[in-house]
Amino acid sequence: MGTFFLHLTVAAAVILEAQCQPQFLEYIERRLSSFENRIAVWYDQTQRYSSEYREFKNQILALVESLDKEKDEQRHNLEMATSRLERIERELDYLESRNPAPTCLEVEENLIEHTAENAKEKKKRKHMTDCAEMIFNIKAMKIVKRLETAAGLWTKDLMSDSEKVYVFDGVSNDTIYEFARLKDFTDFTGLIKGKKIKLPYPWAGTGHMVYKGFLYYIRSEPQFQVIKFDLKNHTVADSAMFPAEQQIPVYGLSPYNYIDLAADENGLWAIYATRENAKYICLARLDHKMLDIEQMWDTPCPIENAENAFVICGVLYVVYNTKLRSRSRIQCVYDVTDIVTTDQAPLVYFPKRFGAHASIKYNPMEKKLYTWDDGHQIIYRLTLKQKSEL
Ligand SMILES: *[C@@H]1O[C@H](CO)[C@@H](O)[C@H](O)[C@H]1NC(C)=O
Ligand SMILES: *[C@@H]1O[C@H](CO)[C@@H](O)[C@H](O)[C@H]1NC(C)=O
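**Details of the sheet that holds strand 8 (residues 225–230)**
Alright, step 1. In space, the four strands of this open sheet follow the order 6-7-8-9, with antiparallel pairing throughout. Strand pairing shows two members of the sheet lacking a second neighbour, strand 6 (209–211) and strand 9 (235–241), which therefore form its edges. Each strand axis lies, on average, 25° off the axis of its neighbour in the sheet, ignoring direction.
Alright, step 2. When strand 7 (residues 214–219) meets strand 8, the two strands line up antiparallel, connected through six bridges. Within the sheet, the bridge partner assigned to Tyr 216 lies in strand 8 and is Lys 228.

Right, here's the structure in full:
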């Protein structure tokens with residue numbers, strides 16, 4: 001699984017290193033087999049895969065062109081590989097022509113108008129505690145705004161009917177912006193309609209969260225603390241030292257995050273990393289009243305090339321990218337209930353490429369992701385399916 005999705009820059013490095021040695025051909029062979037095996041399931045995912053596939057193919061073609069003519073035998077092998085690639089491409093084109101583009105991604109105009117859905121959502125919420133859903137795909141996206149700051153966080157209250165929107169413009173400051181409704185944020189320039197809230201201590205990173213009327217935010221100096229801040233009367237309701245020691249940045253591609261707070265249908269989570277287990281992401285379940293850690297897990301998800309993560313129904317989804325930006329994708333999954341594994345979970349690509357996601361907040365009531373990608377504020381609507389339907 002991991003090999004299959006090695007990013008193309010890695011592939012390029014392998015190509016250069018291997019200089020067309022058998023290893024390299026084996027590698028291509030593996031890639032080809034994977035592509036071929038997957039054709040059968042590409043009917044609904046053709047577009048996403050085909051663009052990655054085409055990038056890969058272009059690299060192969062460039063390589064073939066630059067090959068020294070003396071290396072005839074290898075050249076022959078590569079040409080065979082190329083013709084195989086071309087055949088796959090024709091098959092893809094055929095699939096694509098049978099499944100026109102909109103099936104993959106519709107940009108939903110009413111994505112943000114969910115007032116009518118509220119009643120339905122309230123009913124749904126009753127069932128949240130026994131949720132057993134996992135991500136199936138990204139159904140729609142909407143870029144709602146563009147700000148100058150490359151990295152930041154924007155979110156609604158993840159567990160209330162409040163229409164308010166909160167914006168953390170940057171990766172550290174002492175002030176946040178509150179908007180009465182989404183339109184006040186999206187329909188005016190910059191943050192002009194936002195009400196400034198000055199917090200008692202500065203915040204650090206983009207791992208903060210608004211949950212049931214409280215802001216839970218990360219303070220990094222003098223040490224890591226979670227501050228629970230009452231957004232009604234602007235007072236500190238509680239604070240707690242984060243109990244992990246020797247923390248390190250939790251996502252390789254967004255080094256300002258040491259602790260990322262998340263909410264799912266069942267409660268609060270902290271995603272973090274420590275020097276003791278320096279290559280992998282840790283996950284903890286938090287008690288939202290006491291801010292205590294109830295349980296912690298060492299996940300198999302690497303820190304390297306991770307850009308962000310979120311939790312749905314007790315499953316951690318880690319989003320990866322590469323230093324030379326490609327498309328973000330969910331490439332590691334960790335289920336605290338042990339039902340879903342990375343191999344079973346669908347590989348979900350984010351439809352557009354800007355930079356890396358500086359923040360991703362899953363809103364369990366709306367089943368949407370609120371994200372900040374290279375200055376773009378984007379909402380993704382998710383399709384979920386039952387874990388047991390695998
Ligand atoms: C917070 O951001 C504002 C606006 O970008 C900036 O003027 C101010 O200096 C920042 N404050 C801190 C404490 O970083
Ligand atoms: C702020 O409001 C909460 C309840 O909403 C209350 O318990 C707390 O005492 C209030 N704090 C102050 C300083 O008024």
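Here the narrative resumes.
**Quick notes on the sheet that holds strand 1 (residues 133–146)**
Alright, step 1. Pairing is antiparallel in the open sheet, where four strands are placed in the order 1-20-19-18. In this open sheet, the two strands that pair with only one neighbour each are strand 1 and strand 18 (357–363). Neighbour-to-neighbour, the strand axes of this sheet turn through a mean angle of 20°, independent of strand direction.
Alright, step 2. As paired strands, strand 1 and strand 20 (residues 376–386) are joined by eleven bridges and run antiparallel to one another. Within strand 20, the position partnered with Asn 137 by the bridge is Thr 383.

**Here we look at the pairing of strand 15 (residues 315–320)**
Alright, step 1. Judged by how many residues are buried, strand 15 sits mostly within the fold: six of six residues are covered.
Alright, step 2. Going residue by residue along strand 15, you find Val 315, Tyr 317 and Val 319 tucked away on one face and Leu 316, Val 318 and Tyr 320 tucked away on the opposite face as well.
Alright, step 3. Hairpin connection between strand 14 (residues 306–312) and strand 15: a loop of two residues separates the two successive antiparallel strands, and Cys 313 in this loop has a positive phi of roughly 45°.

**Quick word on the site of ligand 2**
Alright, step 1. The environment of ligand 2 is formed by Asp 230, Lys 232, Asn 233 and Thr 235.
Alright, step 2. Measuring from an oxygen atom of ligand 2, one finds a side-chain N or O atom of Asp 230 at 3.4 Å.
Alright, step 3. Contact between ligand 2 and Asn 233: an oxygen atom at 2.3 Å from a side-chain N or O atom of the residue.
Alright, step 4. Within the complex, 31% of the 360 Å² of free accessible area of ligand 2 lies under protein.

**Re the side chain of Glu 366**
Alright, step 1. Tracing the backbone shows Glu 366 in the loop between strand 18 and strand 19 (368–373).
Alright, step 2. Polar contacts involving the side chain of Glu 366 include one to the side chain of Lys 156, which spans 2.6 Å.
Alright, step 3. Side chain to side chain, Glu 366 and Tyr 370 meet in a polar contact 2.5 Å long.

**Thoughts on the nonpolar core**
Alright, step 1. One finds Ile 135, Phe 310, Ile 312, Tyr 317 and Ile 330 to be the most contacted residues of the largest nonpolar core, which totals 24 residues.
Alright, step 2. Listing elements by their share of this core, those giving two or more residues are strand 1, strand 14, strand 15, strand 16 (329–335), strand 18 and strand 20.
Alright, step 3. Beyond its immediate stretch of four places on either side in the chain, Tyr 317 contacts Met 134, Ile 135, Asn 308, Ala 309, Phe 310, Ile 312, Ile 330, Cys 332 and Val 333.

What counts and how
Residues numbered from 1 in each chain as written. Chains lettered and ligands numbered in written order. Predicted model: local features only at pLDDT ≥ 70, side-chain atom pairs only at ≥ 80, totals over all residues. Heavy atoms only, no water. Pairing = 2+ DSSP bridges. Helix = DSSP H or I, 4+ residues; strand = E, 2+ residues; numbered from the N terminus. Axes fitted to C-alpha atoms, helices over the stretch in contact; angles between N-to-C directions. Buried < 20%, exposed > 50% of the residue type's maximum accessible area, 1.4 Å probe, protein only. Near = heavy atom within 4 Å. Polar contact = N/O pair within 3.5 Å; in protein donor to acceptor, adjacent residues only side chain to side chain. Areas by Shrake-Rupley, 256 points an atom, 1.4 Å probe, with all protein chains shown as cover. Core = buried A, V, L, I, M, F, W, Y, C linked by side-chain atoms within 4.5 Å. Contact = heavy atoms within 4.5 Å.

The values reported here are purely geometric and, on their own, carry no functional implication.
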